[in-house]
Amino acid sequence: MRAENAGRPEPVGPAQDAGRAARTEAPAHGYSLPVVPELPDVTLYVEALERFVGGRELRDLRLRSVFLLRSVKPAPKQANGRRVRGVERLGKRLVLVLGPGPRAGEPDELFLLIHLMIAGRFQWRTSGAPLNRRTDLAAFDFEHGTLVLTEAGTKKRAALHVLASRAELAALARGGLEPLTCSFEEFKERLVGAPHTLKRALTMPDLFSGIGNAYSDEILHRARLSPLQRGRNLSEEELVRLHAALREVLGEWIERLRRETGAGFPVKVTAFRPGMAVHGRFGQPCPVCAAPIQRIVRAENELNYCPRCQTDGRILRDRALSQLLKDDWPERLDELEDE
Ligand SMILES: [Zn+2]
């Protein structure tokens, strides 16, 4: 790593000193970070929704929370009586595409755009199952069961847009490249053209689609690159490594989640997972080199990295945080996780 990109972190010995730093700060017990479902988790939801409600008629859309609906027209009731034509992912959001409805004068297609944010989740319940007043935001009633959108906690951040056309849907897209299908040249152009740190660039929805705090930590660890490195300073070899890591990490997690979920409905949807290498593993040994995983904390955000694999053994300290702040690293998690 080049020194100017490292934010001149304090040099320490790779393993022993990092271990000492970690021991003084590590929590006694494991912990998990609040995170928005990212591309692999949302992909699993898309696949499950296709299996469960694809081709089925949405009989009734019941909204239980006044905070959920973020669009004015068309009215949500226009969704009733339409069949699910497809399920799509837009960044970290899900789209239910509905075909023509039974009433004249209504749009041929409707798009239900759902952002789960941090605590929003889907559950599949038997038809007519009672809704929980505090946590259930909406129910999508089908003949064979009810899809329930729930959100734990008091902060209701999940969002639903009802849209009348694909053009309206496209207007809400952030324009990020699809990490699993973009070419190396497209990837390189985006990354090198952005002035941001790699950590920030990977999580910006207008640069890359569907990546948040958790998988960006994992991708940078796989690529053996510092979160504070900048795309324009990467060598061609490092860019190739990062592009490969992006595809490998997301692809491997999708496969892993598919194996765990099977034909059922995803129930353990969280972007912190025990099998992750660095994310949410502060103080625990790196699975590659056994050095204790380190972190940079700001407000409710935290990024994790392995000092031996990623920063030449250096612990990133105060300078690292100021580097991130200059980079518009958000204070609030839902800003980092926007889209
Ligand atoms: Zn390591």
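Everything numeric in this text was worked out from a predicted model, so none of it was measured.

So, on to the environment of Ser216. Within the fold, Ser216 resides in helix 6 (residues 213–223). Its 25 C-beta neighbours within 10 Å are what place Ser216 among the buried residues. With 13 residues separating them in the primary sequence, Ser216 and Thr203 have C-alpha atoms 6.8 Å apart. Ser216 has contacts with Lys199, Leu202, Thr203 and Ile211, leaving out every residue within four places of it along the chain.

Strand order in the open sheet made by the 8 strands is 5-7-6-1-2-3-4-8, with antiparallel pairing throughout. The open sheet has two edge strands with one neighbour each: strand 5 (120–125) and strand 8 (159–163). Strand-to-strand twist of the sheet, defined as the mean angle between neighbouring strand axes without regard to direction, takes the value 25°. Bridge count for strand 4 (residues 110–115) against strand 8 is 5 bridges, and the pairing is antiparallel. Its bridge partner being in strand 8, His115 is matched across the sheet by Ala159. Contacting strand 2 (82–90), strand 3 (93–98), strand 5, strand 6 (136–142) and strand 7 (145–151), helix 2 (residues 39–53) runs over the sheet at an angle of about 170° to strand 2.

The next thing to look at is the confidence of the model for the protein. Overall, the prediction assigns the protein a mean pLDDT of 86, with 86% of residues at 70 or greater. Every residue in residues 1–31 scores below 50 in pLDDT, and together they form 58 contacts with partners more than four places removed in sequence or on other chains.

A few words on the packing of helix 6 against helix 7 (residues 236–261). It is at 8 Å that the axes of helix 6 and helix 7 come closest, and there the two elements cross at 130°. Taken together, the axes of helix 6 and helix 7 lie oblique to each other. Taken as a pair, helix 6 and helix 7 cross one another with a handedness that is right-handed. Judged by residue contacts, Tyr215, Glu218, Ile219, Arg222 and Ala223 of helix 6 engage Arg241, Leu242, Ala245, Leu246, Glu248, Val249 and Leu250 from helix 7. The residue inventory of the contact of helix 6 with helix 7, partitioned by class, reads 8 nonpolar, no polar and 4 charged.

Here is what the cut-offs are and how they apply
Residues numbered from 1 in each chain as written. Predicted model: local features only at pLDDT ≥ 70, side-chain atom pairs only at ≥ 80, totals over all residues. Helix = DSSP H or I, 4+ residues; strand = E, 2+ residues; numbered from the N terminus. Buried ≥ 20, exposed ≤ 12 C-beta atoms within 10 Å, placed from the backbone. Contact = placed C-beta atoms within 7 Å. Pairing = 2+ DSSP bridges. Axes fitted to C-alpha atoms, helices over the stretch in contact; angles between N-to-C directions. pLDDT = per-residue confidence, 0-100. Parallel < 35°, antiparallel > 145°, perpendicular 65-115°, else oblique. Left-handed = near helix turned anticlockwise from the far one by under 90°. Nonpolar A, V, L, I, M, F, W, Y, C, P; charged D, E, K, R; others polar.

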